[in-house]
Amino acid sequence: IRSKPGKGYTAFNGVEFEGTFHVNTVTDDDYVGFVFGYQDSSSFYVVMWKQTGQTYWQDTPFRATAQPGLQLKAVKSHTGPGERLRNAMWHTGDTPGEVTLMWKDPRNVGWKDKTSYRWHLSHRPHVGYIRVQLYESTTLVADSGVVMDTSMRGGRLGVFCFSQENIIWSNLGYRCNDTIPDDYYYLYKKQMNLRWGD
Ligand SMILES: *[C@@H]1O[C@H](CO)[C@@H](O)[C@H](O)[C@H]1NC(C)=O
(Lines give C-alpha, C1' and ligand atoms only; values in the text may rest on other atoms or scores of the structure.)
Protein backbone atom coordinates (compact mmCIF):
# COMPACT_ATOMS: atom_id res chain seq x y z
CA ILE A 1 0.00 0.00 0.00
CA ARG A 2 1.39 3.39 -0.89
CA SER A 3 -0.05 6.03 1.32
CA LYS A 4 1.27 8.64 -1.10
CA PRO A 5 3.43 8.38 -4.21
CA GLY A 6 7.02 9.58 -4.18
CA LYS A 7 10.26 8.68 -2.45
CA GLY A 8 11.57 9.70 0.94
CA TYR A 9 8.09 10.86 1.77
CA THR A 10 7.65 12.51 5.15
CA ALA A 11 4.20 12.94 6.58
CA PHE A 12 3.08 13.49 10.09
CA ASN A 13 -0.25 11.80 9.54
CA GLY A 14 -1.67 9.37 12.03
CA VAL A 15 -2.82 6.02 10.71
CA GLU A 16 -4.57 2.80 11.67
CA PHE A 17 -3.24 -0.16 9.67
CA GLU A 18 -4.84 -3.58 9.78
CA GLY A 19 -4.34 -6.84 7.96
CA THR A 20 -4.31 -10.61 8.21
CA PHE A 21 -1.52 -13.07 7.52
CA HIS A 22 -1.59 -16.82 7.28
CA VAL A 23 1.33 -19.16 6.62
CA ASN A 24 -0.22 -21.73 4.35
CA THR A 25 2.34 -24.50 4.76
CA VAL A 26 3.95 -26.62 7.44
CA THR A 27 7.43 -26.11 5.94
CA ASP A 28 9.79 -23.52 7.28
CA ASP A 29 9.70 -21.36 10.40
CA ASP A 30 10.90 -17.93 9.30
CA TYR A 31 9.73 -14.32 9.51
CA VAL A 32 6.37 -12.85 8.55
CA GLY A 33 5.07 -9.37 9.34
CA PHE A 34 4.46 -5.87 8.05
CA VAL A 35 6.19 -2.51 7.69
CA PHE A 36 5.03 1.03 8.40
CA GLY A 37 6.61 4.47 8.53
CA TYR A 38 8.53 3.26 5.47
CA GLN A 39 10.69 6.10 4.13
CA ASP A 40 13.10 4.02 2.08
CA SER A 41 14.87 0.66 2.31
CA SER A 42 17.13 1.98 5.10
CA SER A 43 14.50 3.72 7.24
CA PHE A 44 11.29 2.07 8.40
CA TYR A 45 9.51 0.30 11.22
CA VAL A 46 8.91 -3.43 11.02
CA VAL A 47 6.74 -5.77 13.04
CA MET A 48 8.10 -9.26 12.50
CA TRP A 49 7.35 -12.68 13.89
CA LYS A 50 9.31 -15.89 13.69
CA GLN A 51 8.05 -19.37 14.39
CA THR A 52 11.11 -20.72 16.23
CA GLY A 53 14.46 -19.54 17.57
CA GLN A 54 17.34 -19.85 15.11
CA THR A 55 20.86 -18.63 14.49
CA TYR A 56 21.24 -17.20 11.00
CA TRP A 57 23.09 -19.56 8.63
CA GLN A 58 25.49 -16.82 7.47
CA ASP A 59 27.57 -15.77 10.46
CA THR A 60 29.31 -12.89 8.67
CA PRO A 61 29.47 -9.98 9.19
CA PHE A 62 28.25 -11.08 12.65
CA ARG A 63 26.34 -13.88 14.31
CA ALA A 64 22.60 -13.15 14.40
CA THR A 65 20.12 -14.99 16.58
CA ALA A 66 16.36 -14.87 16.10
CA GLN A 67 13.90 -15.54 18.87
CA PRO A 68 10.25 -16.36 18.40
CA GLY A 69 7.83 -13.81 19.79
CA LEU A 70 6.51 -10.76 18.01
CA GLN A 71 9.07 -7.94 17.61
CA LEU A 72 8.84 -4.26 16.80
CA LYS A 73 12.00 -2.82 15.33
CA ALA A 74 13.11 0.60 14.11
CA VAL A 75 15.41 0.27 11.12
CA LYS A 76 17.77 3.20 10.58
CA SER A 77 20.54 1.64 8.58
CA HIS A 78 23.82 3.40 7.86
CA THR A 79 24.85 0.68 5.42
CA GLY A 80 21.50 0.12 3.63
CA PRO A 81 20.41 -3.18 2.07
CA GLY A 82 23.24 -5.70 2.34
CA GLU A 83 24.71 -8.36 4.57
CA ARG A 84 25.01 -6.22 7.68
CA LEU A 85 21.40 -5.06 7.54
CA ARG A 86 20.28 -8.59 6.67
CA ASN A 87 21.84 -10.05 9.81
CA ALA A 88 20.63 -7.09 11.87
CA MET A 89 17.06 -7.71 10.66
CA TRP A 90 17.32 -11.38 11.62
CA HIS A 91 18.78 -10.66 15.03
CA THR A 92 16.41 -10.20 17.98
CA GLY A 93 18.24 -7.31 19.59
CA ASP A 94 19.91 -4.00 18.84
CA THR A 95 22.58 -3.67 16.19
CA PRO A 96 24.27 -0.25 16.41
CA GLY A 97 23.88 1.83 13.27
CA GLU A 98 21.25 -0.56 11.87
CA VAL A 99 18.32 -1.72 13.97
CA THR A 100 16.80 -0.98 17.38
CA LEU A 101 14.55 -3.56 18.98
CA MET A 102 11.88 -1.37 20.52
CA TRP A 103 9.65 -4.11 21.91
CA LYS A 104 9.46 -7.88 21.96
CA ASP A 105 6.61 -10.04 23.21
CA PRO A 106 7.91 -11.43 26.52
CA ARG A 107 5.87 -14.61 26.04
CA ASN A 108 8.33 -15.51 23.27
CA VAL A 109 5.86 -17.73 21.42
CA GLY A 110 6.10 -18.26 17.65
CA TRP A 111 3.34 -18.30 15.05
CA LYS A 112 1.42 -21.49 14.27
CA ASP A 113 1.20 -23.14 10.86
CA LYS A 114 -1.97 -22.61 8.85
CA THR A 115 -3.37 -20.11 11.32
CA SER A 116 -4.69 -16.63 10.55
CA TYR A 117 -3.52 -13.69 12.62
CA ARG A 118 -4.93 -10.20 12.37
CA TRP A 119 -2.89 -7.17 13.31
CA HIS A 120 -3.99 -3.74 14.34
CA LEU A 121 -1.45 -0.93 14.35
CA SER A 122 -2.01 2.61 15.60
CA HIS A 123 0.71 5.07 14.66
CA ARG A 124 0.64 8.77 15.54
CA PRO A 125 3.97 10.05 14.22
CA HIS A 126 3.45 13.66 15.35
CA VAL A 127 3.68 12.51 19.00
CA GLY A 128 5.67 9.32 18.39
CA TYR A 129 2.91 6.95 19.56
CA ILE A 130 2.96 3.32 18.37
CA ARG A 131 0.84 0.39 19.52
CA VAL A 132 0.53 -3.03 17.88
CA GLN A 133 -2.03 -5.65 18.77
CA LEU A 134 -2.31 -9.10 17.28
CA TYR A 135 -5.33 -11.35 17.33
CA GLU A 136 -5.87 -15.03 16.63
CA SER A 137 -9.55 -15.10 15.79
CA THR A 138 -11.02 -12.90 18.55
CA THR A 139 -8.29 -13.62 21.11
CA LEU A 140 -5.60 -11.01 21.70
CA VAL A 141 -2.30 -12.92 21.50
CA ALA A 142 0.20 -10.04 21.65
CA ASP A 143 0.07 -6.37 22.62
CA SER A 144 3.02 -3.99 22.53
CA GLY A 145 1.35 -1.50 24.83
CA VAL A 146 2.34 2.11 24.19
CA VAL A 147 5.74 2.40 22.53
CA MET A 148 7.11 5.90 22.04
CA ASP A 149 9.48 6.60 19.17
CA THR A 150 9.93 9.41 16.69
CA SER A 151 12.64 7.99 14.39
CA MET A 152 10.23 7.78 11.46
CA ARG A 153 7.72 10.58 10.95
CA GLY A 154 5.24 8.54 8.93
CA GLY A 155 5.69 6.84 5.59
CA ARG A 156 4.38 3.98 3.50
CA LEU A 157 2.72 0.80 4.69
CA GLY A 158 3.40 -2.70 3.43
CA VAL A 159 3.96 -6.37 4.17
CA PHE A 160 7.17 -8.07 5.25
CA CYS A 161 8.70 -11.49 4.70
CA PHE A 162 12.17 -12.81 5.49
CA SER A 163 12.78 -16.26 4.05
CA GLN A 164 9.29 -17.65 4.71
CA GLU A 165 7.33 -19.20 1.85
CA ASN A 166 3.58 -19.40 1.28
CA ILE A 167 2.42 -16.40 3.25
CA ILE A 168 -1.04 -15.15 2.43
CA TRP A 169 -1.85 -11.57 3.43
CA SER A 170 -5.46 -10.51 3.18
CA ASN A 171 -7.97 -7.80 4.13
CA LEU A 172 -5.34 -5.10 4.34
CA GLY A 173 -6.68 -1.65 5.06
CA TYR A 174 -5.77 1.67 6.52
CA ARG A 175 -7.53 4.73 7.82
CA CYS A 176 -6.06 8.12 8.51
CA ASN A 177 -6.57 9.06 12.15
CA ASP A 178 -4.88 11.91 14.00
CA THR A 179 -6.74 11.48 17.27
CA ILE A 180 -4.36 10.83 20.13
CA PRO A 181 -5.40 7.63 21.95
CA ASP A 182 -6.26 7.85 25.66
CA ASP A 183 -3.45 5.49 26.69
CA TYR A 184 -0.92 8.04 25.38
CA TYR A 185 -2.20 10.69 27.78
CA TYR A 186 -2.20 8.14 30.56
CA LEU A 187 1.47 7.32 29.92
CA TYR A 188 2.37 11.00 29.50
CA LYS A 189 0.76 11.87 32.82
CA LYS A 190 2.53 9.00 34.53
CA GLN A 191 5.90 10.15 33.18
CA MET A 192 5.26 13.75 34.24
CA ASN A 193 4.31 12.60 37.73
CA LEU A 194 7.53 10.63 37.96
CA ARG A 195 9.52 13.60 36.76
CA TRP A 196 7.85 16.22 38.95
CA GLY A 197 6.92 13.94 41.79
CA ASP A 198 3.31 14.98 42.18
C1 LIG B 1 -9.24 7.15 15.83
O2 LIG B 1 -8.37 7.03 16.95
C3 LIG B 1 -9.03 7.13 18.21
C4 LIG B 1 -7.94 7.07 19.26
O5 LIG B 1 -7.21 5.85 19.16
C6 LIG B 1 -10.05 6.03 18.36
O7 LIG B 1 -10.71 6.16 19.60
C8 LIG B 1 -11.06 6.10 17.21
O9 LIG B 1 -11.94 5.01 17.28
C10 LIG B 1 -10.31 6.08 15.88
N11 LIG B 1 -11.27 6.29 14.80
C12 LIG B 1 -11.35 5.50 13.73
C13 LIG B 1 -12.38 5.85 12.71
O14 LIG B 1 -10.59 4.54 13.59
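- The name given to the chain in an unreviewed UniProt entry is TSP C-terminal domain-containing protein, with the source organism recorded as Electrophorus electricus.

**What about the pairing of strand S2 (residues 31-40)?**
Part 1: When you tally the buried positions in S2, you get 8 out of 10 residues, the bulk of the element.
Part 2: By the bridge criterion, 7 bridges tie S2 to strand S3 (residues 43-50) in an arrangement that is antiparallel. Residue Asp40 lies in a different strand from S3, and its bridge partner there is Ser43.
Part 3: The turn joining S2 and S3, which pair antiparallel and follow one another in sequence, is formed by 2 residues.
Part 4: With 5 bridges joining them, S2 and strand S12 (residues 156-162) adopt antiparallel strand pairing. Directly across from Phe34, in S12, lies its bridge partner Val159.

**Points about the site of the ligand**
Part 1: What surrounds the ligand is the set Glu16, Arg124, Arg175, Asn177, Thr179 and Pro181.
Part 2: One of the side-chain N or O atoms of Arg175 is found 3.1 Å from an oxygen atom in the ligand.
Part 3: Look at the ligand: alone it shows 360 Å² of surface, and the protein chains cover 49% of it.
Part 4: Grouping the constituent residues of the shell around the ligand by class yields 1 nonpolar, 2 polar and 3 charged.

**What about the sheet that holds strand S7 (residues 99-104)?**
Part 1: The strand order across the open sheet built from 5 strands is S7-S6-S3-S2-S12, with neighbouring strands paired in antiparallel fashion. The sheet is open, and its two borders are formed by S7 and S12, each paired with just one other strand. Mean inter-strand twist for the sheet, computed between neighbouring axes without regard to direction, equals 25 degrees.
Part 2: Contacts from helix H1 (residues 83-90) reach S2, S3, strand S6 (71-76), S7 and S12 within the one sheet, and its direction differs from that of S6 by about 160 degrees.

**Observations regarding the pattern of salt bridges**
Part 1: The full count for this structure, using the stated rule, is 9 salt bridges.
Part 2: The partner of Glu16 in a salt bridge is Arg124, with the nearest N and O atoms 2.4 Å apart. With Glu16 in strand S1 (residues 15-23) and Arg124 in strand S8 (residues 116-124), this residue pair connects regions lying 108 residues apart in the sequence. One exposure class covers both Glu16 and Arg124, and it is buried.
Part 3: Residue Lys50 pairs with Asp30 through a salt bridge whose shortest N-O separation is 3.5 Å. Residue Lys50 is located in strand S3, and its partner Asp30 is located in the loop between S1 and S2; the two are separated by 20 residues in the primary sequence. The pair formed by Lys50 and Asp30 is uniform in burial state, with each residue classed as buried.
Part 4: Each of Asp29, Asp30 and Lys50 takes part in a single network of salt bridges with overlapping partners.

About the cut-offs
Residues numbered from 1 in each chain as written. Predicted model: local features only at pLDDT ≥ 70, side-chain atom pairs only at ≥ 80, totals over all residues. Heavy atoms only, no water. Buried < 20%, exposed > 50% of the residue type's maximum accessible area, 1.4 Å probe, protein only. Helix = DSSP H or I, 4+ residues; strand = E, 2+ residues; numbered from the N terminus. Pairing = 2+ DSSP bridges. Near = heavy atom within 4 Å. Polar contact = N/O pair within 3.5 Å; in protein donor to acceptor, adjacent residues only side chain to side chain. Areas by Shrake-Rupley, 256 points an atom, 1.4 Å probe, with all protein chains shown as cover. Nonpolar A, V, L, I, M, F, W, Y, C, P; charged D, E, K, R; others polar. Axes fitted to C-alpha atoms, helices over the stretch in contact; angles between N-to-C directions. Contact = heavy atoms within 4.5 Å. Salt bridge = Lys/Arg side-chain N within 4 Å of Asp/Glu carboxyl O.

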